[in-house]
Amino acid sequence: MKRILGIIAIALAIALLFGCAKPADKAASTVIKFGVFEPLTGANAAGGAEELDGIRLAQGLYPTVTVGGKVYTIELAIADNKSDKVEAANAGQRLVDSDKVTLVLGSWGSSLSMAAGPIFEAAKIPAIALSATNVLVTKDNPYYFRVCFLDPFQGTVMANYAFKNVQAKNAVIIREVTNDYSVGLAKFFADSFKGLTGNPDAILAELNYQTNDQDFSAQLTRVKTLKPDVIFAPGNYTESALIIKQARELGITAPFLGGDTWEINEFIQVGRQAVEGAVMSAFFDNDAPLTPLSGVFVTEYQKKYGKLPSGTAVLGFDGYLLAIDAIKRADSIDPIKIRDAIAATKGFEGAAGVVNLDVNGDPIKSAVIKEVKDGKFVYKTTVAP
Amino acid sequence: MNKKNTIRAVVALTVGVAIIAIGDAFLGPFAVRILNLSAIYIILALSLNLLNGFTGLFSLGHAGFMAVGAYVSALLTMTPAQKSMNFFLTPIVPWLDTVQLPFIVALIIAGLCAAFVGLLIGAPALRLRDDYLAIATLGFAEIIRVLITNAQSLTNGAQGLKAIPKYSTTWVVWGAAAIAALFLVMLLRSSYGRTIKAVRDDEIAAEAMGVNVFRVKVTSFVISSFWAGIGGALLGHMITTIDPKMFNLILTFNILLIVVLGGNGSITGSVLGAIIVTVLMEALRFLDMPMNLVFIKTQGLPGLRMVIFSILLMIVVLYRQRGLMGTKEFSWDMLSAKALLAALKPKKRGERARKGGR
């Protein structure tokens, strides 16, 4: 019996292998392929899915691109990088080699993008990172670009906010030392805050914690004795919310500032009353359109998915549109010409603001500052670069 | 018979080298990448198998030693310009700034560093047994990872390193894998190999026969760490970027999976397991894509290949509890018509149990 079952299982597996043989290329000349390089399984799956939602929405709205009078249909080749660096390199190579994509969108998670970066560069295929904020992703790689602002800018924005709006004279930084995003943000916040106050000792302390920590009393007791005007604590939303909760329980009243990772409902669910008044930078706000396209994005997103857009979906949307825009400007489907067009991007109006790419391929764009008020993220102001 | 086997071995070796040469020359970059990744996993699986399969020490600290090897080799081979590009938050420690060594030297130093860390960890941890050892090694691997994360000026911390020179070419990784396999075969055939297996089979009996059990365990642990370091370094030079998060428990489990699938205590098994797992993971990728079967149409289900992969694994584990090879090794006799027929013929329960016992 067991043997028969085994044979059936193997037969099914083989049938599956042959059954899914690739369909014949149908009129390949009028199809242009965008690779979607995202973590759809594993630890970062939620982030990858958000970006894919944005990309799919954009594809639904703008399914074709016209180059030299010829209409090309855009197809998405989706490769899951499993939130794993080794797998990410394989997936990237597969997009280049087997799927023969013209350009690549993604990935959520800087370290995954970095794994595939050299592969895209070697194949001379442009890649647009959507929410990868690590400086190293685009540095020294002429084929990697991005549509989100990066750590230095975000750190500077929050330092400005702390100095001008909170009128802080000193600050304490609590960072998630295992997270490149948090460490980067903390560094740039510290640099520009010291510059603004003109006081090299304006950062009273830089305290560390690890991802998945639950108890922060050691760090917070220290904060209490230092009595800072403001606390900058970029990092994962769960840990950050716990930090704020425990700080309030200890009687620390200084305002908390953070980065874009806080803007997620779980942050409020974990922190509840304690996170009221927490201020963070963000890419986008549903109620404060940055460009005419912002409104289009919000309405269409709600129509398609039946909920308000959150997190990085808007960046997926923008990445796709930037790709189309670049193809039109290049008036070619040659990846190298498209790369040059992306590199020359000036004043591209996406849903999450106007994108100007600098020499590194990093955008100079506005950030939105939000505050938690009555259990909601409320728009405060827009900061121009 | 022996002469015949020698000729066969030479022919097999030539064919193997030819396959790799042809593969390297004619396959696309994607296939070559998978081919080379298999070789790196062979090294890693062999080194873990030496511990888990041959010495009977259940260790879960492999990723830690890989991290040591990967970081040492990366930092020793990067140019000063690449280092200053990477260390944009905190400058690198001055004594490492201008160091740049040839790849082979750096690779061996990486292995030795991992071996040294293995010695430091092994000496206290190997006084433990079974599950306790597994927990202790797991803890040590995490400690290594936390140290790497926090040593910002030495390892660039959580930012990771990129632009590591791509030295892991087909010949390098397959050469290393061949050396690792040959080394292990020779080690296990030596009298030392027999003491290692004696310790695995019955520690007390081995000790009564005058084997210094503790020393055998430590030696085996250090050798395993050395090869883990080499494997980690090659992996770093292949994907050209590393960060501490990469060397987590899941990586150790991936290698453990290969070892168990291939056969705990079989060199052939580890080699086969590494190739099968690496190739299958990519070969099944079409399952994630939109599919058009005759009667089922899917829109593309990410993660489906993991489900199928797991099912295939379960089938193997159900039907071959000891992995594909068990504790057996490849031999030419295995391929004779008689042996093949015997393998196909269903065995009786009692017979199977008797054959399975060590």
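Residues numbered from 1 in each chain as written. Chains lettered and ligands numbered in written order. Predicted model: local features only at pLDDT ≥ 70, side-chain atom pairs only at ≥ 80, totals over all residues. Heavy atoms only, no water.

### As for the overall build of chain A
1) Next: Within chain A, the secondary structure is distributed over twelve helices and 16 strands.
2) Next: A globule of 385 residues ought to have a C-alpha radius of gyration of about 21 Å, and chain A, at 23 Å, matches this closely.
3) Next: In terms of overall dimensions, chain A has a C-alpha envelope of 70 × 65 × 40 Å along the principal axes.
4) Next: Among the 385 residues that make up chain A, the fraction classed as buried is 55%.
5) Next: Here the contacts in chain A between residues at least 6 apart in sequence split such that 67% fall between residues at least 24 apart.
6) Next: Within the structure as shown, chain A displays about 15100 Å² of accessible surface, and the carbon and sulfur contribution to it stands at 55%.
7) Next: Across chain A, the centroid of the 38 positively charged side chains sits 2 Å from that of the 41 negatively charged ones. (Helix = DSSP H or I, 4+ residues; strand = E, 2+ residues; numbered from the N terminus. Rg over C-alpha atoms; globule rule 2.2 N^0.38 Å. Buried < 20%, exposed > 50% of the residue type's maximum accessible area, 1.4 Å probe, protein only. Contact = heavy atoms within 4.5 Å. Areas by Shrake-Rupley, 256 points an atom, 1.4 Å probe, with all protein chains shown as cover. Lys, Arg positive; Asp, Glu negative; His and termini not counted. Charge placed at Lys NZ, Arg CZ, Asp CG, Glu CD.)

### Let's talk about the interface of chain A and chain B
1) Next: With 48 residues of chain A at the contact, the number on the chain B side is 49 residues.
2) Next: Contact between chain A and chain B buries roughly 4100 Å² in total, counting both sides, with carbon and sulfur atoms accounting for 60%.
3) Next: At the boundary of chain A and chain B, one finds four salt bridges.
4) Next: A salt bridge links B:Arg285 to A:Glu87; the nearest nitrogen and oxygen atoms lie 3.3 Å apart.
5) Next: Among the elements of the structure, helix 1 (2–19), strand 3 (70–80), helix 3 (85–97), helix 4 (110–123) and helix 6 (180–197) of chain A are those that each provide at least two residues to the side of chain A that touches chain B.
6) Next: The biggest single contributor to the side of chain A that touches chain B is helix 3 of chain A, with nine residues. (Buried area = accessible area lost by both parts, 1.4 Å probe. Salt bridge = Lys/Arg side-chain N within 4 Å of Asp/Glu carboxyl O.)

### Some words on the pattern of salt bridges
Here the idea is simple: oppositely charged side chains can pair when their charged atoms come close.
Residue and element names in this part refer to chain A.
1) Next: Under the criterion given, the structure shown has 17 salt bridges over all chains.
2) Next: One salt bridge connects Asp325 with Arg329, and the closest N-O pair in it is separated by 2.9 Å. With a gap of four residues between them, Asp325 and Arg329 both fall in helix 11 (residues 313–330), about one helical turn apart.
3) Next: For Asp325, a relative accessible area of 25% puts it in the partly exposed group.

### Focus: empty space enclosed by the protein
All names here are of chain B.
1) Next: For the coordinates displayed, the defined rule picks out one cavity of 30 Å³ or more.
2) Next: Taken as a whole, the largest cavity encloses approximately 50 Å³ of empty space.
3) Next: Lining of the largest cavity is provided by Leu60, Ala63, Leu138, Ala141, Glu142, Arg145, Phe247, Asn248, Leu249 and Thr252.
4) Next: Contributions of two or more residues to the lining of the largest cavity are made by helix 7 (130–150) and helix 13 (249–262).
5) Next: Across the lining of the largest cavity, the residue classes tally to six nonpolar, two polar and two charged. (1 Å grid on protein atoms, 1.4 Å probe; cavity = no way out; pocket = protein on both sides within 12 Å on 5 of 7 lines; lining within 4 Å. Points joined across faces, edges and corners; volume = space filled by probe spheres on them. Nonpolar A, V, L, I, M, F, W, Y, C, P; charged D, E, K, R; others polar.)

### Digging into unusual backbone geometry
All names here are of chain A.
1) Next: Between Gly106 and Ser107 the backbone carries a cis peptide bond, its omega angle lying at 15°.
2) Next: Examined against the element boundaries, Ser107 turns out to sit in the loop between strand 4 (103–105) and helix 4.
3) Next: Backbone geometry at Lys124 places phi at a positive 55°, although glycine is not the residue there.
4) Next: Position of Lys124 among the secondary structure elements: in the loop between helix 4 and strand 5 (127–129).
5) Next: With phi around 50°, Asp374 is a residue other than glycine that occupies positive phi space.
6) Next: On the secondary structure map, Asp374 appears in the loop between strand 15 (367–373) and strand 16 (376–383).

### Considering the nonpolar core
When a protein is soluble and globular, its nonpolar side chains tend to lie buried together.
1) Next: In this structure, A:Phe37, B:Tyr41, B:Leu161, B:Leu234, B:Ile242 and B:Phe247 are the most contacted members of the largest nonpolar core, which totals 117 residues.
2) Next: By size, the runner-up hydrophobic cluster in this structure holds 70 residues, among which are A:Phe153, A:Phe193, A:Phe232 and A:Ala341. (Core = buried A, V, L, I, M, F, W, Y, C linked by side-chain atoms within 4.5 Å.)

### Thoughts on the domain arrangement of chain A
Residue and element names in this part refer to chain A.
1) Next: In terms of domains, chain A is made up of domain 1 (26–148 + 288–365) and domain 2 (152–282).
2) Next: Spacing between the C-alpha centres of domain 1 and domain 2 amounts to 31 Å.
3) Next: At the interface, five residues of domain 1 touch four residues of domain 2.
4) Next: Between domain 1 and domain 2, the buried area comes to about 400 Å², and carbon and sulfur atoms account for 50% of it.
5) Next: Three residues, Thr133, Val135 and Lys365, lead the burial of domain 1 against domain 2; their summed loss comes to 61% of the area buried on that side.
6) Next: Scanning the region where domain 1 abuts domain 2 turns up zero salt bridges.
7) Next: Between the two partners, domain 1 and domain 2, sit one residue pair in polar contact (both at pLDDT 80 or more).
8) Next: A class-by-class count of the residues in the side of domain 1 that touches domain 2 yields one nonpolar, three polar and one charged. (Domains from an automatic or database assignment. Polar contact = N/O pair within 3.5 Å; in protein donor to acceptor, adjacent residues only side chain to side chain.)

### Structural notes on the pairing of strand 11 (residues 279–282) of chain A
Residue and element names in this part refer to chain A.
1) Next: Burial along strand 11 is two-sided: Val279 and Ser281 facing one way and Met280 and Ala282 facing the other are all buried.
2) Next: In terms of strand pairing, strand 10 (residues 256–258) meets strand 11 through two bridges, oriented parallel. Residue pairing for strand 11: Gly258 is matched across the bridge by Met280.
3) Next: Handedness of the crossover joining strand 10 and strand 11 through helix 9 (residues 265–271): right-handed.
4) Next: Of the pairings in the sheet, the one linking strand 11 to strand 15 comprises four bridges and is antiparallel in character. Considered in strand 15, the bridge of Met280 is made with Lys370. (Pairing = 2+ DSSP bridges. Right-handed = clockwise from strand over helix to strand, strands pointing away.)

### Structural notes on the packing of aromatic side chains
Residues and elements named next belong to chain A.
1) Next: In total, this model carries 18 aromatic pairs over all chains according to the counting rule given.
2) Next: Taking 4.8 Å as the distance between ring centres and 50° as the angle between the ring planes, the aromatic pair formed by Tyr301 and Tyr305 counts as tilted. Here Tyr301 pairs with Tyr305, and both are found in helix 10 (residues 292–305), just four residues apart, close to one helical turn.
3) Next: Judged by its relative accessible area of 24%, Tyr305 falls in the partly exposed class. (Phe/Tyr/Trp six-rings, centres within 6.5 Å; stacked < 30°, edge-to-face > 60°.)

### A short note on a nonpolar patch on the surface
Residues and elements named next belong to chain B.
1) Next: Taken together, the side chains of Ile7, Val11, Val15 and Ile19 present a nonpolar region at the surface, about 370 Å² in accessible area.
2) Next: Residue position: Ile7 is located in helix 1 (residues 2–26).
3) Next: Using a relative accessible area of 54% as the deciding quantity, one classes Ile7 as exposed. (Patch = residues over 30% accessible without salt bridge, like charges linked within 9 Å, V, L, I, M, F, W, Y side chains within 5 Å.)

### Structural notes on the sheet that holds strand 7 (residues 171–176) of chain A
Backbone-to-backbone hydrogen bonds pair the strands of a sheet. The strands run either parallel or antiparallel.
Residue and element names in this part refer to chain A.
1) Next: Across the sheet, which stays open at both edges, the seven strands sit in the order 8-7-9-10-11-15-16 with mixed pairing between neighbours. A single partner strand is all that each edge strand has here, and the edge strands are strand 8 (203–209) and strand 16. Averaged over neighbouring strand pairs, the angle between their axes works out to 25° when direction is ignored.
2) Next: Inspection of the sheet shows strand 9 (residues 230–232) paired to strand 10 by two bridges, in the parallel sense. (Axes fitted to C-alpha atoms, helices over the stretch in contact; angles between N-to-C directions.)

### Re the side chain of A:Ser240
1) Next: Inspection of the secondary structure assignment puts A:Ser240 in helix 8 (residues 237–249).
2) Next: Side-chain polar atoms of A:Ser240 contact the backbone oxygen of A:Asn236, separated by 2.6 Å.

### What to know about helix 7 (residues 217–226) of chain A
All names here are of chain A.
1) Next: Buried residues of helix 7: Gln219, Leu220 and Val223, and no others. Viewed along the axis of helix 7, the buried residues span an arc of 90°, placing them on a single side of the element. Turned more than 90 degrees away from the buried face of helix 7, the exposed residues are Ala218 and Thr225.
2) Next: The first or second residue beyond helix 7 is Lys227, which carries a positive phi of 50°. (Arc of directions from axis to C-beta.)

### So, the confidence of the model for chain B
1) Next: This prediction gives chain B a mean pLDDT of 87; 91% of its residues lie at or above 70.
2) Next: Interface scoring of the predicted complex returns ipTM 0.83; its pTM is 0.87. (pLDDT = per-residue confidence, 0-100.)

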